[in-house]
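Spelled out from the first residue to the last, the chains are:
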Amino acid sequence: MALIRKATQPPAPTADVADPLCLLQAPDPSTRAHAAQRLALQPGDATVAAALLDTLAGEPEAAVRERLLTALIVHADTGVAARLAVLLRQADAPRRTELVDALRQMPDAFHPLVPGLLADPDPDLRIHVLSTLDECPAPQVRQWLVAVLEHDPHVNVCAGAVEILARIGEPAQLPALHRLKARFPDAAFIAFAADLAAARIQGHA
């Protein structure tokens, strides 16, 4: 009588170690960086974008974060930009600089979020958001800066808007700069900054 072999269970499936999504969690930083670079070649995949964002939030290596952000620029949409804005709120200075640089490179995704972010209760976040607009001459950017000058209650946020207008402003923004001085009559530095920005705008006109 022939022996009947006991059926064996197939091995449990394992993650493909060559899958760049899996390699984002590798212990070696260069492997994580290479995985991020590969994932930049798969734009439009929401799963990939989410994995890149999750990895970025806890990534300790600046070189890997650079690759992750480069990939996220390729994947940029309003969802990606919104997640980066959340990280901007929590970031230390080096990470904040990285995030600002990335957001500057995805204006179509990020700019729809700017009005809401400039109304955020946290003045530090508003200042960081303003820094993403620096040297961006789009007409709506100047409109946002004027709205800050006329309505933001924090003098340091207004000072950030004045600094940007000194570089990208046009004569149409001069009345708002003059009105700003009246909003903060006890802040001599803001009057000086507003006058300097107005002089630069008039010099470039």
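Up top is the structure.
Residues numbered from 1 in each chain as written. Predicted model: local features only at pLDDT ≥ 70, side-chain atom pairs only at ≥ 80, totals over all residues. Heavy atoms only, no water.

Participant: So what's going on with the overall build of the protein? Which residues, and what values?
Facilitator: Counting its regular elements, the protein contains 13 helices and zero strands. Its C-alpha atoms give the protein a radius of gyration of 24 Å, clearly above 17 Å, the size a compact globule of 205 residues would have. The dimensions of the protein, computed from C-alpha atoms along their principal axes, are 105 × 30 × 25 Å. Across the 205 residues of the protein, 42% fall into the buried class. Looking at the protein alone, contacts between residues at least 24 apart form 63% of all its contacts between residues at least 6 apart. (Helix = DSSP H or I, 4+ residues; strand = E, 2+ residues; numbered from the N terminus. Rg over C-alpha atoms; globule rule 2.2 N^0.38 Å. Buried < 20%, exposed > 50% of the residue type's maximum accessible area, 1.4 Å probe, protein only. Contact = heavy atoms within 4.5 Å.)

Participant: How would you explain the packing of helix H3 (residues 46-58) against helix H5 (residues 78-90) if you had to name every residue and give the values?
Facilitator: Between H3 and H5, whose axes approach to 11 Å, the crossing angle comes to 10°. Classed by the angle they form, the pair H3 and H5 counts as roughly parallel. Only Val-80, Arg-83, Leu-84 and Leu-87 of H5 make contact with H3, whose side of the interface consists of Ala-49, Leu-53, Asp-54, Leu-56 and Ala-57. In the contact of H3 with H5, the residues fall into seven nonpolar, no polar and two charged. (Axes fitted to C-alpha atoms, helices over the stretch in contact; angles between N-to-C directions. Parallel < 35°, antiparallel > 145°, perpendicular 65-115°, else oblique. Nonpolar A, V, L, I, M, F, W, Y, C, P; charged D, E, K, R; others polar.)

Participant: An account of the side chain of Glu-59 is requested, with residue identities and associated values reported.
Facilitator: Tracing the sequence through the fold places Glu-59 in the loop between H3 and helix H4 (62-74). Residues within four places of Glu-59 in sequence aside, it is in contact with Arg-32, Val-64, Arg-65, Leu-68 and Arg-95.

Participant: Can you explain the nonpolar core? Please cite residues and give values.
Facilitator: In a soluble, globular protein the nonpolar side chains are often hidden away together inside. Membership of the largest hydrophobic core comes to 68 residues, with the highest contact counts inside it found for Leu-52, Leu-84, Leu-130 and Leu-177. Top element by residues in this core is helix H11 (residues 155-168). It accounts for 10 residues. In this view, Leu-84 contacts Leu-53, Leu-56, Leu-69, Leu-72, Leu-99, Leu-103 and Met-106; residues no more than four positions away in its chain are not counted. (Core = buried A, V, L, I, M, F, W, Y, C linked by side-chain atoms within 4.5 Å.)

Participant: Describe the packing of helix H10 (residues 139-151) against helix H12 (residues 174-183), with residues and values.
Facilitator: Contact pair H10 / H12: the axes reach a minimum separation of 8 Å and the direction vectors enclose 25°. Relative to H12, the element H10 lies roughly parallel. Once H10 is placed against H12, the crossing between them reads as left-handed. Along the contact surface, H10 presents Val-146, Val-148, Leu-149, Glu-150 and His-151, while H12 presents Ala-176, Leu-177, Arg-179, Leu-180 and Arg-183. (Left-handed = near helix turned anticlockwise from the far one by under 90°.)

Participant: Can you tell me about the environment of Asp-134, naming the residues and giving the values?
Facilitator: With respect to the element layout, Asp-134 can be found in the loop between helix H9 (123-132) and H10. Measuring from C-alpha to C-alpha, the distance between Asp-134 and Glu-98 comes to 15 Å, with 36 residues separating the pair along the chain. Those residues in contact with Asp-134 that lie beyond four places of it in its chain are Arg-104, Ile-164 and Arg-167.

Participant: So, the pattern of salt bridges: which residues are in play, and what are the values?
Facilitator: With the rule as written, the count across this model stands at 11 salt bridges. Of the charged contacts in the structure, one is a salt bridge between Arg-89 and Asp-120, with a shortest N-O distance of 2.8 Å. A residue pair is termed long-range when its members are at least 10 positions apart, and Arg-89 in helix H5 and Asp-120 in the loop between helix H8 (114-117) and H9 qualify at 31 residues. The class of Arg-89 is partly exposed, set by a relative accessible area of 41%. (Salt bridge = Lys/Arg side-chain N within 4 Å of Asp/Glu carboxyl O.)

Participant: Describe the environment of Pro-107, listing the residues and the values that go with them.
Facilitator: Mapping Pro-107 onto the fold places it in helix H7 (residues 107-110). Taking the C-alpha atoms as reference, Pro-107 lies 9.2 Å from Ala-81; in sequence the two are 26 residues apart.

Participant: Lay out the environment of Pro-20 with the relevant residues and their values.
Facilitator: You can see Pro-20 is positioned in helix H1 (residues 20-23). Residue class for Pro-20 comes out buried when judged on its relative accessible area of 7%. Each C-alpha atom, one on Pro-20 and one on Val-86, is 25 Å from the other, the two residues being 66 residues apart in sequence. Beyond its immediate sequence surroundings of up to four residues, Pro-20 is in contact with Ala-35, Arg-38, Leu-39 and Gln-42.

Participant: An account of unusual backbone geometry is needed here, citing residue identities and associated values.
Facilitator: Most of the time, phi is negative for any residue but glycine, and the peptide bond is trans. The phi torsion at Glu-135 lies on the positive side, around 65°, for a residue other than glycine. With respect to the helices and strands, Glu-135 occurs in the loop between H9 and H10.

Everything listed here is a matter of coordinates, which is why it stays silent on function.
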